[in-house]
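# Descriptive structure summary
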Amino acid sequence: NFFVERSLDGVFWSEIGQETGKRDELQTNYYQYKDNGARLGANQYRIRVVSPRTGVVYSNLVQVIVSDEVMAEIFPNPFRDQITLSPLQDWESDGLVEVFSPTGQLLGSYQLVKGRENVELDLSQIAHNGLYYIRVTYSESGKTKTFRVAKNR
């Protein structure tokens, strides 16, 4: 059997789930587990494997940082005409992506769809080099994150 364990401090561990192992140990088997109770900040995980043949064995530790911010990668930065927002985790809800000038003027808005899809922004209408701001806002929670990007022809 496989037991998923989580720790917030690396000392005290809690069992948060388990999977029954498949009987054929000579074949590669895949398992997955989603921790719906992860806490904000650093969560450490390990698998405790219990087998009649090997006894108790622990996996390597894996650390996952959970944030309540909108997490995305923006590229290229600096940009010429287009920029891509790529989520590092699923977009948690539908929302809005807005592009602002350095003076706060709204230059464009794009729909954000819940899930893992990239958002492609056509910024070819921006004529001047300089800094611009992209704000992502989730509809359900109202969480926002603002990214600074540079236009460079």
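Note that this is a predicted model, so its numbers are computed, not measured.

According to the stated counting rule, one finds seven salt bridges in the structure shown. Note that Arg48 is salt-bridged to Glu5, the shortest N-O span being 2.7 Å. On the criterion of sequence distance, the pair formed by Arg48 in strand β3 (residues 41–51) and Glu5 in strand β1 (residues 2–7) is long-range, its members being 43 residues apart. For Glu5, a relative accessible area of 6% puts it in the buried group. In this structure, the salt-bridge partner of Asp35 is Arg6, at a minimum N-O distance of 2.6 Å. In this pair, Asp35 is assigned in the loop between β2 (14–19) and β3 and Arg6 in strand β1, connecting sequence segments 29 residues apart. By the burial criterion, Asp35 is buried, and Arg6 matches it. Salt bridges linked by common partners bring Glu5, Glu15, Arg46 and Arg48 together as one network.

Cut-offs used in this document
- Residue numbers restart at each chain and count upward from 1, following the sequence in its written direction.
- Two thresholds apply to this predicted model, a pLDDT of at least 70 for residue-level local features and 80 or more for giving and counting side-chain atom pairs, whereas whole-chain, interface and lining totals are computed over all residues.
- Water and hydrogen atoms were dropped before computing side-chain values, which therefore reflect all heavy atoms in the structure.
- We count a salt bridge whenever a side-chain nitrogen from Lys or Arg sits within 4 Å of a carboxyl oxygen from Asp or Glu.
- A run of DSSP states H or I qualifies as a helix once it reaches four residues; a run of E qualifies as a strand once it reaches two. Both are numbered from the N-terminal end.
- The buried label goes to any residue with under 20% of its type's maximum accessible area, the exposed label to any with over 50%, and the partly exposed label to all in between, with areas taken from a 1.4 Å probe on protein chains only.

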